[in-house]
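What the coordinates show
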Amino acid sequence: MSLKTDSFVVESNVHFPTDYNLLWDCARKCIDMVNKLQKNHDLPGWRKVYDWRKDLKNKMRALGRASASGGKGKQDRIRTAARVYLAKAKALLNKLENSKDSFPQEDIADQVTVIELEHFMSLLVKHINLLERRTIKGEAIPHSEKMFSIFEEYTEWVTKGKMRPNIELGKKAGITTDQFNLIVDYQIMDHESDSEIVPKLTKRLSKRFTIESWSFDKGYWNKNNKTLLLGAVKNLVLPKKGKCNQEEAEQERQTVFKKLRNKHSAIESNINELEHRGLDRCPDRGYHNFKRYVGLAVSAYNLRKIGAELIHRARSSSDTGEQNKIAA
């Protein structure tokens, strides 16, 4: 069996994240939860709940305009707008904290709403802190502390070194195809690089198949990965990152290596087909549904390939039958 492995990003259904619009997402969801409780219960102190939403949105937009503007004194304008926005967000948080005891929990629906409200309140605290640290105190926020969506929290910021798009928001998915362009293995990568998935992938596929050749791109290179794969594959194409020594350069100049490396580009076509048939962006909510969507897309891709081949064979046999009748 001849295998090819590559990865691509399946985007989650999120907007582009900035610290101020993520803070707005937290605030508006808190207000939505309060409004949901307000419809069924007369909550004290929340008569002007829509005014809170409108005022916060205006202040968020003012900060956005300050960030997008240019000219002299831009940083001062950003800090001023951020202080006003943060003051309103903190006032909302304080009001929510003071109203906690008055939130009704008479039935299951109310209890669920209050649990959701407390979740978004915790995110509100987090993003008030992040915005204050970055815009007011001038700190550089470590990547590990950032969130890229308060709704699809599994979302990762993926930079694959492409020109367009240079940044994608979602999860990387690794696929392995055979000589018939069928996907024989797929994996959703959870904060993993390409090279980190090779040991488990090798273990899975070497148990199922006798692998004649297997090709990767440079992103999968690792000295340990090469040693592992050489024990499981007859013809391995794993280009080295960086400069090759004399022995490695000779290996990469071999005819078989070049031929298989050229054939590796076929997997890019398979990925392109997957993306054009719906796997460029997942519209479903939640990580469980994201994983299910990817699995169904891979299954649909394989079924379509098999179906197309069966139709081709049926037509070929039909044409052969017609030709035999004419000849007779």
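As a reminder, the structure under discussion sits directly above these lines.
Reading guide: rules and limits
Residues numbered from 1 in each chain as written. Predicted model: local features only at pLDDT ≥ 70, side-chain atom pairs only at ≥ 80, totals over all residues. Heavy atoms only, no water. Phe/Tyr/Trp six-rings, centres within 6.5 Å; stacked < 30°, edge-to-face > 60°. Lys NZ or Arg CZ within 6 Å of the ring centre and 35° of its normal. Buried < 20%, exposed > 50% of the residue type's maximum accessible area, 1.4 Å probe, protein only. Helix = DSSP H or I, 4+ residues; strand = E, 2+ residues; numbered from the N terminus. Pairing = 2+ DSSP bridges. Arc of directions from axis to C-beta. Contact = heavy atoms within 4.5 Å. Core = buried A, V, L, I, M, F, W, Y, C linked by side-chain atoms within 4.5 Å. Polar contact = N/O pair within 3.5 Å; in protein donor to acceptor, adjacent residues only side chain to side chain. Disulfide = S-S within 2.5 Å. Axes fitted to C-alpha atoms, helices over the stretch in contact; angles between N-to-C directions. Parallel < 35°, antiparallel > 145°, perpendicular 65-115°, else oblique. Left-handed = near helix turned anticlockwise from the far one by under 90°. Nonpolar A, V, L, I, M, F, W, Y, C, P; charged D, E, K, R; others polar.

Okay, the packing of aromatic side chains next. This model, assessed by the stated rule, comprises 8 aromatic pairs. Seen from their ring centres, Trp-214 and Phe-216 are 5.0 Å apart, and the 35° between their planes marks the pair as tilted. An aromatic cluster of three or more residues is present, and its members are Phe-16, Phe-148 and Trp-157. If you follow Lys-95 out to its NZ or CZ, it ends over the ring of Trp-46, 4.9 Å from the centre. The positively charged end of Lys-291 is found above the aromatic ring belonging to Tyr-287, 4.7 Å away from the centroid.

On to the pairing of strand E3 (residues 168-177). The side chains of a regular strand alternate, first on one face of the sheet and then on the other. By the criterion of burial, E3 is predominantly enclosed, with 10 of the 10 residues buried. Pairing of strand E1 (residues 2-12) with E3 involves 8 bridges; the strand directions are antiparallel. Bridge pairing in E3 places Thr-5 opposite Thr-176. Note that strand E2 (residues 156-158) and E3 share 3 bridges and pair antiparallel. What sits directly across from Val-158, in E3, is Glu-168. By the bridge criterion, 6 bridges tie E3 to strand E4 (residues 183-189) in an arrangement that is antiparallel. Each bridged residue has a counterpart across the sheet, and for Thr-176 the counterpart in E4 is Asp-185. The antiparallel hairpin formed by E3 and E4 contains 5 residues in its connecting segment, where Asn-181 sits at a positive phi of about 65°.

So, on to helix H5 (residues 198-208). Along an α-helix, a turn takes 3.6 residues, which lines up residues three or four apart on a common side. Those residues of H5 that sit buried are Val-198, Leu-201, Thr-202 and Leu-205. Across the axial projection of H5, the buried residues extend over an arc of 100°, all falling on one side. Facing away from the buried side of H5 by more than 90 degrees, the exposed set consists of Lys-200, Lys-203 and Lys-207. Its buried side turned inward, H5 meets E1, E3, E4, strand E5 (213-215) and helix H6 (223-230).

Here we take up the nonpolar core. Counting 39 residues, the largest nonpolar core has Trp-46, Tyr-85, Leu-92, Leu-96, Phe-103 and Leu-124 as the members making the most contacts within it. Of all the elements in the fold, those that place two or more residues in this core are helix H1 (19-40), helix H2 (49-68), helix H3 (74-99) and helix H4 (108-136). Ala-173, Ile-183, Ile-267 and Leu-279 belong to the second-largest nonpolar core, a separate cluster that totals 17 residues.

Right, let's get into the side chain of Glu-168. Turning to its location among the elements, Glu-168 is positioned in strand E3. Sequence-distant contacts of Glu-168, that is, excluding residues within four places in its chain, are made with Val-9, Glu-11, Glu-156, Trp-157, Val-158 and Lys-162.

A few words now on the environment of Asn-225. In this fold, Asn-225 is placed in helix H6. Note: C-alpha distance between Asn-225 and Glu-196 (29 residues apart in sequence) is 8.8 Å. If we skip the residues at most four places from it in the chain, Asn-225 touches Ser-195, Val-198, Pro-199, Tyr-220 and Leu-238. Here Ser-195 takes part through its backbone oxygen, which lies 2.9 Å from a polar atom of the side chain of Asn-225. Within polar-contact distance, the side chain of Asn-225 engages the backbone oxygen of Tyr-220 at 3.3 Å.

Before going further, it helps to spend a moment on the state of the cysteines. Throughout the structure, instances matching the rule amount to 0 disulfides. Note on Cys-26: no disulfide assigned, nearest cysteine sulfur contributed by Cys-30 at a separation of 6.9 Å.

The contact between H1 and H4 brings their axes to 8 Å, and the two run at 155°. As summarised for this structure, H1 and H4 are arranged roughly antiparallel, according to the angle between their axes. The handedness of the crossing between H1 and H4 is left-handed. Each residue belonging to the contact of H1 with H4 can be placed in one class, and the counts come to 17 nonpolar, 2 polar and 6 charged.

Let us now look at the packing of H2 against H3. Axes are the key here: two packed helices are described by the angle between their axes and the distance separating the axes. Running from amino to carboxyl end, H2 crosses H3 at an angle of 160°, the nearest separation of the two axes being 8 Å. As judged from the angle between their axes, H2 and H3 are roughly antiparallel. As H2 packs across H3, the resulting crossing turns out to be left-handed. Here H2 contributes Trp-52, Asp-55, Leu-56, Lys-59, Met-60, Ala-62, Leu-63, Ala-66 and Ser-67 to the contact with H3, which in turn contributes Lys-74, Arg-77, Ile-78, Ala-81, Ala-82, Val-84, Tyr-85, Lys-88, Ala-89, Ala-91, Leu-92 and Lys-95. For the contact of H2 with H3, the class distribution of residues is 14 nonpolar, 1 polar and 6 charged.

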